[in-house]
2 protein chains.
Amino acid sequence: MKSAVFIKPGEVEVQDVDMPKIEKNDDVILKVVRTCVCGSDLWSYRGLDKFSDGKKNNGHEALGIVESVGKDITTVQPGDFVIAPFTHGCGHCAACLAGYDGSCLNHSDNFSSNCQAEYLRFQHAEWSLVKVPGKPADYSDAMLDSLLALSDVMATGYHAARTANVQKGDTAVVIGDGAVGLCGVISAKLRGAKQIIAMSRHEDRQKLAKEFGATDIIAERGDEGVKKVMELTHDNGADAVLECVGSELSTKTALEVARPGAKVGRVGLPHASDLDMAASFGKNISLAGGIASVTTYDRQELLDAVLSGAIHPGKVFTGKYKLADINQAYQDMTDRNTIKATIVND
Amino acid sequence: MKSAVFIKPGEVEVQDVDMPKIEKNDDVILKVVRTCVCGSDLWSYRGLDKFSDGKKNNGHEALGIVESVGKDITTVQPGDFVIAPFTHGCGHCAACLAGYDGSCLNHSDNFSSNCQAEYLRFQHAEWSLVKVPGKPADYSDAMLDSLLALSDVMATGYHAARTANVQKGDTAVVIGDGAVGLCGVISAKLRGAKQIIAMSRHEDRQKLAKEFGATDIIAERGDEGVKKVMELTHDNGADAVLECVGSELSTKTALEVARPGAKVGRVGLPHASDLDMAASFGKNISLAGGIASVTTYDRQELLDAVLSGAIHPGKVFTGKYKLADINQAYQDMTDRNTIKATIVND
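Residues numbered from 1 in each chain as written. Chains lettered and ligands numbered in written order. Predicted model: local features only at pLDDT ≥ 70, side-chain atom pairs only at ≥ 80, totals over all residues. Heavy atoms only, no water.

(A) The arrangement of the overall build of chain A in detail. On a plain count of helices and strands, chain A comes out with 12 helices and 15 strands. Relative to a compact globule of 346 residues, whose C-alpha radius of gyration would be 20 Å, chain A shows 19 Å and is just as compact. Considered along the principal axes of its C-alpha atoms, chain A spans approximately 55 × 40 × 40 Å. Taking as baseline every contact in chain A between residues at least 6 positions apart, the subset at least 24 positions apart corresponds to 68%. Of the roughly 13300 Å² of accessible surface on chain A, 47% is carried by carbon and sulfur atoms. (Helix = DSSP H or I, 4+ residues; strand = E, 2+ residues; numbered from the N terminus. Rg over C-alpha atoms; globule rule 2.2 N^0.38 Å. Contact = heavy atoms within 4.5 Å. Areas by Shrake-Rupley, 256 points an atom, 1.4 Å probe, with all protein chains shown as cover.)

In structure tokens form, the structure reads like this:
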């Protein structure tokens, strides 16, 4: 089968590799319908993170059709249409029961990879896969994109909003205008925030942020950006801050724009150096967040919200590619020619 | 009047100083009935923190009788018996309204000092002082100690429990067996924790922790202590962690014993170096906490709980001194001969 293979920074190639097969009793093999490129994939593509060698890719988001199942699998069967979350919770440990399946205590191999391929081995599938009614052919292209967003970015944006404890009537700041940040805007709105301030420098993303519910846009970064937030919040700072980048600057900004007692929900993979946590002590800021609870959120609320048309997270996919052209997808995201790239398999 | 004066590490002296006077319209002058020495005072006494020069002391906890009031004061009058919180919130900014008066947005001079004296100038007194019914003579010695605990340690322990979000039925770990940690045990119990694991190395404090509601005691620290907590929690970690020390080791331990998705409520003045926040991202740990909301908690729940005899935080005061003997009080706390020292004025 064809699979994207990470060669070196700046180069992702499609190669023929062995078909994945059932290795453990709770494995499922999926035929990948759609996959995509994540902002976090770009860290290694840009040479900023190391990526392990081998016939692998970073892809961890997919929609698929169940091809075959391990003998312990009772929840899905061949032919089922599923969202393949990037997390693989067990559903019954203390972490999963508390709604943190992204930090499942039973599965050390809790994350997807190699989704940028024709087929995918999905480990620990029994609880974690999310069934979608019907077949891919029953849905519009736009709806399929929104369903694909439920494998990561929409759930991750929601995790930022949940861990920032966005409440009805709140003022929320969303830092980052990547796909996750934009889904953070959707999530803040879904949870009832009254004022949603999106920190975004790019016109196309500002437009989408507004469409998703942002009431204010701040293009400035760093101290200037903080100043603007304080002006918009009568010098109080925000009730909730969604940190959707993970850089040192974005984390610092998040702590600075939070009002005393506010929660920062961070979902950007942390690339900050160590943080000075004394300043946040003085302001009583809570720094929360981490790996999203994809299966939990999809089942609780997000799948229904997508299927009913209440939210349209698929709009973050602004470029569509075939698997063969995946290097161009990576490059276009790196160059910010597209917000997020969908890979549509035949 | 007499006042304790910090001379140098290891030396606190009682000197004659000028009587404090009303300097601003929202000042109140208090005749100090009882004050005490705080664990945080010891950082400078032990030479670990710098203390500014001048005729000053670190004391920030007191019970007092109102002596005189500035012209904007409407809430208390001379003769009133009050708890003097170490925080001085305004009561109406976004921080105070959210229940974080320890991080009041209007008062940059939000903390007490110079309480170890016969009289005290209490700034921003209009909202922040907490009236106690009757007069000191109406109360037992034990009750006066419990009321004194409401000026800091009991409220600070409660802040750890609140920001760790201790819920009914939870397993809570309390790190630190100083007065604040012990009040953290009281608070975890008050909020309904089912299992309360106190990390304490000293026999007298272990005993008090058990009296306050601890179900388990762990004497080990560091990796050994973490291992014991994991054993007691079936390898899950705790639902809530009260970090009542502020050192690098205690903060690290707090993050390690928290189950995925748990909250660490930290109230120990942070003396940790910068923290590696990537590990807590993987576990979805929330690091919350900071300066307590003394006035808020006293009014909401704690004063009633003390007056009704539901809680007895005054038991943390195990040594009683006159102001003239305050250096001995500091020394005895440093040597751990007493958990917390009360200074009783004539």
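(B) Examining the interface of chain B and chain A more closely. Taken residue by residue, the interface counts 35 residues in chain B and 35 residues in chain A. In total, chain B and chain A occlude about 2800 Å² of area from one another, counting both sides; carbon and sulfur atoms represent 60% of this. Put simply, chain B and chain A have 0 salt bridges between them. Between the two partners, chain B and chain A, sit 14 residue pairs in polar contact (both at pLDDT 80 or more). Secondary-structure elements contributing two or more residues to the side of chain B that touches chain A are helix 2 (94–97), strand 12 (258–266), helix 10 (277–282) and strand 13 (286–289) of chain B. Among the residues making up the side of chain B that touches chain A, the classes are represented as 17 nonpolar, 11 polar and 7 charged. (Buried area = accessible area lost by both parts, 1.4 Å probe. Salt bridge = Lys/Arg side-chain N within 4 Å of Asp/Glu carboxyl O. Polar contact = N/O pair within 3.5 Å; in protein donor to acceptor, adjacent residues only side chain to side chain. Nonpolar A, V, L, I, M, F, W, Y, C, P; charged D, E, K, R; others polar.)

(C) Structural context of the relation of the copies chain B and chain A. Rotating chain B by 180° and translating it 0.0 Å along the rotation axis places it on chain A, where the RMSD comes to 0.0 Å. When the rotation and shift are considered jointly, the pair of chain copies conforms to a two-fold rotation axis. The fraction of interface residues of chain B whose copies in chain A are also interface residues reaches 100%, indicating that both copies meet through the same surface. (Least-squares fit on C-alpha atoms with pLDDT ≥ 70 in both.)

(D) Quick peek at helix 7 (residues 203–212) of chain A. Residue and element names in this part refer to chain A. Among all positions in helix 7, only Arg205, Leu208, Ala209 and Phe212 are buried. Angular distribution of buried residues about the axis of helix 7 spans 105°; they occupy a single face of the element. More than 90 degrees from the buried face of helix 7, the exposed residues found are Glu203 and Lys207. Contact partners of the buried residues in helix 7: helix 6 (179–190), strand 9 (195–199) and strand 10 (216–218). Gly213, located one to two residues past helix 7, shows a positive phi value of around 130°. (Buried < 20%, exposed > 50% of the residue type's maximum accessible area, 1.4 Å probe, protein only. Arc of directions from axis to C-beta.)

(E) Spotlight on the packing of helix 4 (residues 141–149) of chain A against helix 11 (residues 294–307) of chain A. Residue and element names in this part refer to chain A. For the pair helix 4 and helix 11, interaxial distance at closest approach is 10 Å and the crossing angle is 170°. Classified by the angle their axes make, helix 4 and helix 11 are roughly antiparallel. Residues Met143, Ser146 and Leu147 of helix 4 lie in contact with helix 11, whose contacting residues are Leu303, Val306 and Leu307. Looking at the contact of helix 4 with helix 11 residue by residue, the classes come out as 5 nonpolar, 1 polar and no charged. (Axes fitted to C-alpha atoms, helices over the stretch in contact; angles between N-to-C directions. Parallel < 35°, antiparallel > 145°, perpendicular 65-115°, else oblique.)

(F) Looking closely at the side chain of His60 of chain A. Residue and element names in this part refer to chain A. Tracing the sequence through the fold places His60 in the loop between helix 1 (41–45) and strand 4 (62–69). A polar contact is formed between the side chain of His60 and the backbone oxygen of Asn58, at a distance of 2.8 Å. Polar side-chain contacts of His60 include one of 3.1 Å to the side chain of Asp152. Every residue in contact with His60, bar those within four places of it in the chain, is listed here: Cys38, Ser40, Asp41, Ala84, Pro85, Phe86, Ser112, Cys115 and Asp152.

Coordinates in, geometry out; function isn't part of it.
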